[in-house]
Amino acid sequence: MDQTAAPAIDPKLFRNVMSRFASGVTVVAVKTESGVRAMTANAFLSGSLNPPLTVVSVAKRAHMHPVLSEAETYSISFLAREQEDLSNLFAGRKVEGAKAEFFDFHGAPALEGALAHIALTPHAVHECGDHSLFLGEVRGMQAKTGTPLLYYASAYHHLATEPESATHKVANFW
């Protein structure tokens, strides 16, 4: 095994390079005693097909971290193109006139107007440097046709063409 120390990585360069990975934009939501708490997240992925698991990465300094750590259920909503203001709102920015509406989806608050919703129960939490990886087991999901809100190079983007349908054939390797 090579014992050579890894070179120091400049945090600004790391952030810049990682921003070149295009992603969708999600909102993680939890019902608390004081109401719904929600946070924008683009560090989200499917984790497992059997059992069906998802993964969301949350900074330990985020207000949502302790809330999600104590949640009995939570949701992930995939934002639509026209929900950029809600993404900004749940990222902690002031957005005049932005109003979020939630509905109960399998016991978790889900964001109205989103392209897809996933209801989850906590499965595991793994430490990952200054973040934690929250694995959730899927309890319910739904999707509709529409255009997603995308994030690339630290900015919002949209597809150049509209998707034909919400149901596409998936390769057998999945």
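Check the entry above for the structure.
Values in this document were obtained by computation on a predicted structure and should not be read as measured data.

Considerations on the overall build of the protein chain
Now for step 1: Broken down by element type, the protein chain carries 3 helices and 12 strands.
Now for step 2: Relative to the globule expectation of 16 Å for 174 residues, the C-alpha radius of gyration of the protein chain, 17 Å, shows essentially globular dimensions.
Now for step 3: Along the first, second and third principal axes, the C-alpha atoms of the protein chain reach 55 × 45 × 40 Å.
Now for step 4: Contacts in the protein chain between residues far apart in sequence, at least 24 positions, make up 62% of those at least 6 positions apart.
Now for step 5: For the protein chain, the exposed surface amounts to about 11,400 Å²; the carbon and sulfur share of it is 55%.
Now for step 6: Each charge sign in the protein chain was given a centre, from 14 positive and 17 negative side chains, and these centres are 4 Å apart.

Some details on the pattern of salt bridges
Now for step 1: Throughout the structure, instances matching the rule amount to 2 salt bridges.
Now for step 2: Residue K60 pairs with E127 through a salt bridge whose shortest N-O separation is 2.7 Å. Residue K60 is found in the loop between β5 (53-59) and α2 (64-70), and its partner E127 is found in strand β9 (residues 116-128); the two are separated by 67 residues along the sequence.
Now for step 3: Across the salt bridge formed by R139 and E137, the nearest N and O atoms sit 3.9 Å from each other.
Now for step 4: When its relative accessible area of 48% is taken as the criterion, R139 is described as partly exposed.

Quick look at unusual backbone geometry
Now for step 1: Here the bond from N50 into P51 is cis, since omega is 0°, no more than 30 degrees from zero.
Now for step 2: Tracing the chain through its elements places P51 in the loop between β4 (44-48) and β5.
Now for step 3: A positive phi angle, close to 60°, is found at S154, a residue other than glycine.
Now for step 4: For S154, the position within the fold is in the loop between β11 (150-152) and β12 (155-157).

A few points about the sheet that holds β5
Now for step 1: The 7 strands lie next to each other as β3-β2-β6-β9-β10-β5-β4, forming an open sheet whose pairing is antiparallel. Of all the strands in the sheet, just β3 (35-41) and β4 have a single pairing partner and so form its edges. Neighbour-to-neighbour, the strand axes of the sheet open up by a mean angle of 35°, direction not taken into account.
Now for step 2: Bridge count for β9 against strand β10 (residues 131-143) is 12 bridges, and the pairing is antiparallel. What sits directly across from P122, in β10, is G136.

Some points on the sheet that holds β12
Now for step 1: Taken in spatial order, the 3 strands make up an open sheet running β1-β11-β12, and their pairing is antiparallel. Because the sheet does not close on itself, it has two edges, and the strands there are β1 (23-24) and β12.
Now for step 2: Sheet topology note: the β11/β12 ladder contains 3 bridges and is antiparallel. From the neighbouring strand, L150 faces β12, where its bridge partner is H157.

Cut-off values and rules
- Here the residue numbers are simple positions, counted from 1 along each chain's written sequence.
- Per-residue local features of the predicted model are confined to residues with pLDDT of at least 70, and side-chain atom pairs are confined, for both listing and counting, to 80 or more; whole-chain, interface and lining totals are unaffected and use all residues.
- Neither water nor hydrogens contribute to the side-chain values; these are computed over all heavy atoms in the structure.
- A run of H or I in DSSP becomes a helix once it reaches four residues, and a run of E becomes a strand once it reaches two; helices and strands are each numbered from the N terminus.
- The globule rule used for comparison is 2.2 Å times the number of residues to the exponent 0.38, while the radius of gyration itself is calculated over C-alpha atoms.
- In what follows, residue pairs with any heavy atoms lying within 4.5 Å of each other are defined as contacts.
- Each accessible area is a Shrake-Rupley result for a 1.4 Å probe, and residues are judged covered by the shown protein chains and nothing else.
- In this tally, Lys and Arg are treated as positive and Asp and Glu as negative; His is ignored, and so are the chain termini.
- Charge placement uses NZ in Lys and CZ in Arg. For Asp and Glu, CG and CD serve respectively.
- Here, a salt bridge means any Lys or Arg side-chain nitrogen found within 4 Å of an Asp or Glu carboxyl oxygen.
- Exposure is judged per residue with a 1.4 Å probe applied to protein chains only, and the accessible area is read against the type maximum: over 50% gives exposed, under 20% gives buried, and values in between give partly exposed.
- Whether two strands pair depends on DSSP finding at least two bridges between them.
- Every axis in this analysis is a line fitted to C-alpha atoms, fitted for helices over the stretch in contact. Angles between the N-to-C directions lie between 0 and 180 degrees.

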